[in-house]
Amino acid sequence: MDFLQKVLSFLPQLIGAAPVVIQLSLGAMALALVLGLLIALARISRFRVLQVIALIYVEILRGTPLLVQLVYIFFVLPAIGIDIQPLPAGILGLGLNYAAYLSEVFRSSILSVEHGQTEAALSLGYTPTKALWRVVLPQSMVVSLGPIGNYFIAMVKDTALTSVIAVTEILKQANIINSETFETTAVYTAAALLYLAISLPLSRIVHGIERTARSRG
């Protein structure tokens, strides 16, 4: 009972850091969605140069740890005159990393749309670009909703990595509390429970949105 009371006593301080997690997640996901779609379109374009650039980006970002990328953005870029504050650095690092993964989600979902859909749009007088944006992309988005939602949930948990670049999110706040109280087990149990309390409802919401989109599609 004493242990449970300790865990509960730390929750209010940790909850105070939750808005930072929300800022990180929403900002980074917005960046990842836009950049990921652009990369996917570059991968399937007819221009070889764009395909190569996009492929190199995806391979580098997926082939190196997110933690290393965050450290590089925050600690290495200032050496060449690019100084980014902790929160924007966290958003940038998460966004760039997840854009590489989401680009593959977008690319595969676009390619999953039957080619006949494009041919039908072209026969109606659509240009290839208009057919892509009006016919192919809306259908591909329905397919990609589930994976996007799952990546968003993963991103929420990965915000913990930004603690290494001085972003005061839940894990960083837990580290601060632990350094003051030395109640290691209780503090990090409280942090784990808070992440769980955020992730589980998000998971249910994502599944609900996916089911609704598929039923309407």
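Naming follows an unreviewed UniProt entry, where the protein chain appears as ABC transporter permease of Enemella dayhoffiae. UniProt's Subcellular location (unreviewed entry) comment on the protein chain is quoted here verbatim: "Cell membrane". Quoted verbatim from the Sequence similarities (unreviewed entry) field of UniProt, the annotation for the protein chain is "Belongs to the binding-protein-dependent transport system permease family."

**Considering the overall build of the protein chain**
Along the backbone of the protein chain there are 9 helices and 0 strands. In the protein chain, the order of α-helices and β-strands from amino to carboxyl end is α-α-α-α-α-α-α-α-α. Principal-axis analysis of the C-alpha atoms places the extent of the protein chain at approximately 70 × 50 × 20 Å. Of all 217 residues assigned to the protein chain, the portion counted as buried reaches 40%. Nonlocal contacts in the protein chain, meaning residues at least 24 apart in sequence, comprise 76% of its contacts between residues at least 6 apart. In the structure as shown, the protein chain presents an accessible area of about 11,800 Å², 66% of it carried by carbon and sulfur atoms. If you average the places of the 14 positive and of the 11 negative side-chain charges in the protein chain, the two averages end up 12 Å apart.

**A word on the nonpolar core**
Leu14 and Ile170 are the most contacted members of the largest nonpolar core, which has 54 residues in total. Elements supplying a minimum of two residues to this core: α1 (2–15), α2 (18–43), α3 (48–63), α4 (66–76), α5 (86–112), α7 (128–158), α8 (170–181) and α9 (184–216). Counting residues per element, this core draws most heavily on α2, at 11 residues.

**Quick look at the UniProt feature "domain: ABC transmembrane type-1" (unreviewed entry) in the protein chain**
Residues annotated in UniProt with the feature "domain: ABC transmembrane type-1" (unreviewed entry) correspond here to residues 18–206. When the span residues 18–206 is considered, its composition is 82% helix and 0% strand, and the gap between its end C-alpha atoms is 20 Å.

**Overview of a nonpolar patch on the surface**
A cluster of nonpolar side chains, Leu67, Val71, Tyr72, Phe75, Val76 and Val164, forms an exposed patch at the surface whose accessible area comes to about 490 Å². The exposure class of valine 164 is partly exposed, given its relative accessible area of 39%.

**Thoughts on the UniProt feature "transmembrane region" (unreviewed entry) in the protein chain**
Those residues carrying the UniProt feature "transmembrane region" (unreviewed entry) are residues 20–42, 54–77 and 186–206 in this numbering. End C-alpha atoms of residues 54–77 are separated by 22 Å, and the span's content is 88% helix alongside 0% strand. Secondary structure over residues 186–206 splits into 100% helix and 0% strand, and the C-alpha atoms at its two ends are 30 Å apart.

**A short note on α5**
Given a rise of 1.5 Å per residue, 27 residues ought to cover 39 Å, and the 39 Å separating the end C-alpha atoms of α5 matches this to within 8%. At alanine 100, α5 shows its maximal bend, which comes to roughly 30°.

Criteria and cut-off values
In this numbering scheme, every chain counts its residues from 1 along its sequence in written order. For this predicted model, a pLDDT threshold of at least 70 governs which residues receive local features, and a threshold of 80 or more governs which side-chain atom pairs are given and counted, while totals over whole chains, interfaces and linings are taken from all residues. Excluded from the side-chain calculation are hydrogens and water; included are all heavy atoms of the structure. UniProt positions are given in the numbering used here, feature names are shortened, and annotations may be inferred rather than shown by experiment. Starting at the N terminus, helices and strands are each numbered in turn, a helix being any DSSP run of H or I of at least four residues and a strand any DSSP run of E of at least two. In this scheme, a residue with accessible area under 20% of its type's maximum is buried, one over 50% is exposed, and one in between is partly exposed, where area comes from a 1.4 Å probe on protein chains only. In this analysis, two residues are considered to be in contact whenever any of their non-hydrogen atoms come within 4.5 Å of each other. For accessible areas, the Shrake-Rupley method is used with a probe of radius 1.4 Å. Any residue's cover is judged against the shown protein chains and nothing else. The charge count includes Lys and Arg as positive and Asp and Glu as negative, but it does not include His or the ends of the chains. Every charge is mapped onto a representative atom, which is NZ of Lys, CZ of Arg, CG of Asp or CD of Glu. Take the buried residues of types Ala, Val, Leu, Ile, Met, Phe, Trp, Tyr and Cys, join any two whose side-chain atoms come within 4.5 Å, and each joined set is a nonpolar core. Like charges are joined within 9 Å and nonpolar side chains (Val, Leu, Ile, Met, Phe, Trp, Tyr) within 5 Å, but only among residues with over 30% relative accessible area and no salt bridge; these make up the patches. Each salt bridge in this description consists of a side-chain nitrogen of Lys or Arg and a carboxyl oxygen of Asp or Glu lying within 4 Å of one another. In this scheme, a helix's expected span is set at 1.5 Å multiplied by one less than its residue total. We define the bend at any residue as the angle between the axes fitted to the seven residues before and including it, ending there, and the seven starting there.

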